[in-house]
Amino acid sequence: MSIFYGKTPASKMLGISQATLWTLKNSGQLQAGKHWLFATGKKGSTVLFNVESIRDWQIEQTKIIDEDPKASARKIATYPQMGV
């Protein structure tokens, strides 16, 4: 069972500011029902965050960012060294 937290404890547990947490939610990077929800199920109620699910998202985003330069480097054409 998932545990959802308010913005203050969630941001502290995730190591990000409340503003960043809201930006991630409002930009659509965090998915409704998976990463966050309305506490009453109605728009305008308190928003709660699934810290475990967001932590998994952070891990996946980190892997993508870490792999990007490596993938780009693999695409660079290399040529055999010419003998002198």
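Residues numbered from 1 in each chain as written. Predicted model: local features only at pLDDT ≥ 70, side-chain atom pairs only at ≥ 80, totals over all residues. Heavy atoms only, no water.

This next bit is on the packing of aromatic side chains. Tallied over the full model, the rule gives two aromatic pairs. Between Trp 22 and Phe 49, the aromatic rings sit 5.8 Å apart at their centres with planes inclined by 80°, giving edge-to-face as the arrangement. Of this pair, Trp 22 sits in helix H2 (residues 18-26) while Phe 49 is found in strand S3 (residues 47-50), placing the two residues 27 residues apart along the sequence. Exposure remark for Trp 22: the relative accessible area of 27% places this residue in the partly exposed category. Judged by relative accessible area, which is 0%, Phe 49 ranks as buried. Geometrically, the ring pair formed by Trp 36 and Phe 38 is edge-to-face, given 5.2 Å between the ring centres and 85° between the ring planes. Note that Lys 25 overlies the ring of Trp 36, its terminal NZ or CZ placed 4.2 Å from the centroid. (Phe/Tyr/Trp six-rings, centres within 6.5 Å; stacked < 30°, edge-to-face > 60°. Helix = DSSP H or I, 4+ residues; strand = E, 2+ residues; numbered from the N terminus. Buried < 20%, exposed > 50% of the residue type's maximum accessible area, 1.4 Å probe, protein only. Lys NZ or Arg CZ within 6 Å of the ring centre and 35° of its normal.)

Before going further, it helps to examine the sheet that holds strand S1 (residues 4-5). Spatial strand order, S1-S3-S2: three strands in an open sheet with antiparallel pairing. Among the strands making up the open sheet, the edge pair consists of S1 and strand S2 (36-38). Examined bridge by bridge, S1 and S3 share two bridges and lie antiparallel to one another. What sits directly across from Phe 4, in S3, is Asn 50. (Pairing = 2+ DSSP bridges.)

Below, the discussion takes up the environment of Met 13. Of note, Met 13 is situated in helix H1 (residues 7-14). A relative accessible area of 36% places Met 13 in the partly exposed class. Each C-alpha atom, one on Met 13 and one on Val 51, is 7.3 Å from the other, the two residues being 38 residues apart in sequence. Once residues within four sequence positions are removed from consideration, Met 13 is found in contact with Tyr 5, Val 51 and Arg 55. (Contact = heavy atoms within 4.5 Å.)

Generally speaking, soluble globular proteins have nonpolar side chains that are buried together. Membership of the largest hydrophobic core is limited to twelve residues, which are Ala 10, Leu 14, Ile 16, Leu 21, Leu 24, Leu 30, Trp 36, Val 47, Phe 49, Val 51, Ile 54 and Trp 57. Looking at this core, the elements with two or more residues in it are H1, H2, S3 and helix H3 (51-74). Among the elements that line this core, the one with the most residues is H3, at three residues. In this structure, Leu 14 is in contact with Leu 21, Val 51, Ile 54, Arg 55 and Gln 58, ignoring residues within four places of it in sequence. (Core = buried A, V, L, I, M, F, W, Y, C linked by side-chain atoms within 4.5 Å.)

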